[in-house]
Amino acid sequence: MKFLNRSSAWLVAALLATTGPAHMASAQPLPDPAAVMAAPLSAEDAAKLAPVAPELHGAARMALYYSTLMGPMNEESVRASRTSGRMGPPPPPHHRDVPVVEQMIPGAAGAPQVKLYVINAQEGAWRGGILHTHGGGYILGTAATDVRRLQEMAKELNVVIVSVEYRLAPETTYAGSIEDNYAGLRWMHDNAAKLGLDPKRIAVMGESAGGGHAALLALTARDRGEIPVAFQVLIYPMLDDRTGGVVKVPSHIATVGWDAQQNQLGWKAFLGQQPGTNKVPATAVPARAASLKGLPPAFIAVGGVDLFVSEDIDYARRLTEAGVPTELLVVPSAYHGFDAMAPDSPQAKQFNKARIEALRRALATPEK
């Protein structure tokens, strides 16, 4: 199987570093994928693999191996990942032919500065752009991990991408990280000429919690009416604090990857309060927004056995009913993060091609 190689093992570890105890992910040596695959499959793991597409089984077994190795995630392990300074495997090296600049910008009033990764800027050009927010359940992850992948996207689409190193929960709740991302969007818009960017062709994009942040950013920009957002790309976005808590999921959902317990932990940290109650502020949770009218067109993609599949389908339905042009892709029998864990699978190729083509159409140069 093509994805069962050393680089893919690193990729699984890197992804799980954003969905599990990151300090352990960096402390454990990478196993030989062939050894993991050759080991006897327990009845429990066999049951977890049963809902998953056969082409994704290899990477799923690696994910299950790491989940067992790292153990359950809790607030203590999340905080430990900060103090240890080990946030998982080091980011992959940057491509040399696509420029990357680290930029510090002012945050909201009274907030610290925000770090941005500015990718493929070219003064004098006139291109579309993407404001990116990374995943990690609102509690883990770093923008640095995604830079190489975003360089490849920026080159393929001939766009500029700005990725925001927003503050994480529980140290900073939703109000702070939303402002960090909005500061990044404002900076991108205000510096369009220096970046080689058309300020009217900026999309927001993110994966998992980053998809939740992208949805929140689109909502915030709409409500403030200061900065136009042309498109939103929500990749298996984390949109509803009730999922896995007061809203239960079928037993065949989320058997691999981000699960209900982790989801509730992430939302509790992000909200600063118990998720799922009627006291949760709508401004913190995209699924709780009273109206989705006036939002930019959307592309939403998710796996069919991802924890977020129902909430993502419902958000796409609400967008459509609100008059927002929306494309929804549900990949059968695919789990959370499958595209990163099994990049050579037919499912991942379909998934990534659909995302690229949606962005290509949305950010195309307007006809004169």
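Our subject in this report is the structure included herewith.

Calculation notes
Residues numbered from 1 in each chain as written. Predicted model: local features only at pLDDT ≥ 70, side-chain atom pairs only at ≥ 80, totals over all residues. Heavy atoms only, no water. Helix = DSSP H or I, 4+ residues; strand = E, 2+ residues; numbered from the N terminus. Expected span 1.5 Å × (residues − 1). Buried < 20%, exposed > 50% of the residue type's maximum accessible area, 1.4 Å probe, protein only. Axes fitted to C-alpha atoms, helices over the stretch in contact; angles between N-to-C directions. Parallel < 35°, antiparallel > 145°, perpendicular 65-115°, else oblique. Left-handed = near helix turned anticlockwise from the far one by under 90°. Contact = heavy atoms within 4.5 Å. Nonpolar A, V, L, I, M, F, W, Y, C, P; charged D, E, K, R; others polar. Phe/Tyr/Trp six-rings, centres within 6.5 Å; stacked < 30°, edge-to-face > 60°. Lys NZ or Arg CZ within 6 Å of the ring centre and 35° of its normal. Core = buried A, V, L, I, M, F, W, Y, C linked by side-chain atoms within 4.5 Å.

Considerations on helix 14 (residues 346-362)
Turn by turn, an α-helix covers 3.6 residues, leaving residues three or four places apart pointing in a common direction. With 17 residues, helix 14 should reach 24 Å at 1.5 Å per residue; the first-to-last C-alpha distance of 24 Å fits that figure. For helix 14, every residue scored as buried is listed here: Gln 347, Ala 348, Phe 351, Ala 354, Arg 355, Ile 356, Ala 358 and Leu 359.

Topic: the packing of helix 8 (residues 174-190) against helix 10 (residues 209-224)
One way to put it is that helix 8 packs onto helix 10 with a least axis distance of 10 Å and a crossing angle of 70 degrees. Considering the angle they form, helix 8 stands roughly perpendicular to helix 10. In this structure, helix 8 meets helix 10 at a crossing whose hand is right-handed. In contact with Ser 177, Ile 178, Glu 179, Asn 181, Tyr 182 and Leu 185 of helix 8, helix 10 contributes His 213, Leu 216, Leu 217, Thr 220, Ala 221 and Arg 224. Of the residues belonging to the contact of helix 8 with helix 10, the class tally is six nonpolar, four polar and two charged.

So, the packing of aromatic side chains
The final tally for this structure, using the stated rule, is seven aromatic pairs. Considering the side-chain rings of Tyr 138 and Phe 270, the 3.9 Å spacing of their centres and the 15 degrees angle between planes classify their relative orientation as stacked. Taken together, the residues Tyr 138 in the loop between strand 3 (127-133) and helix 7 (147-157) and Phe 270 in helix 11 (residues 260-271) connect sequence positions 132 residues apart. The ring of Tyr 182 carries Arg 224 above its face, with NZ or CZ at 4.5 Å from the centroid.

Concerning the nonpolar core
Grouped together as the largest cluster of nonpolar side chains are 72 residues, with contacts concentrated most on Ile 130, Tyr 335 and Leu 359. Among the elements that take part in this core, helix 14 stands out by supplying six residues, more than any other. Leu 131, Leu 195, Val 204 and Tyr 315 belong to the second largest nonpolar core, which has 40 residues in total.

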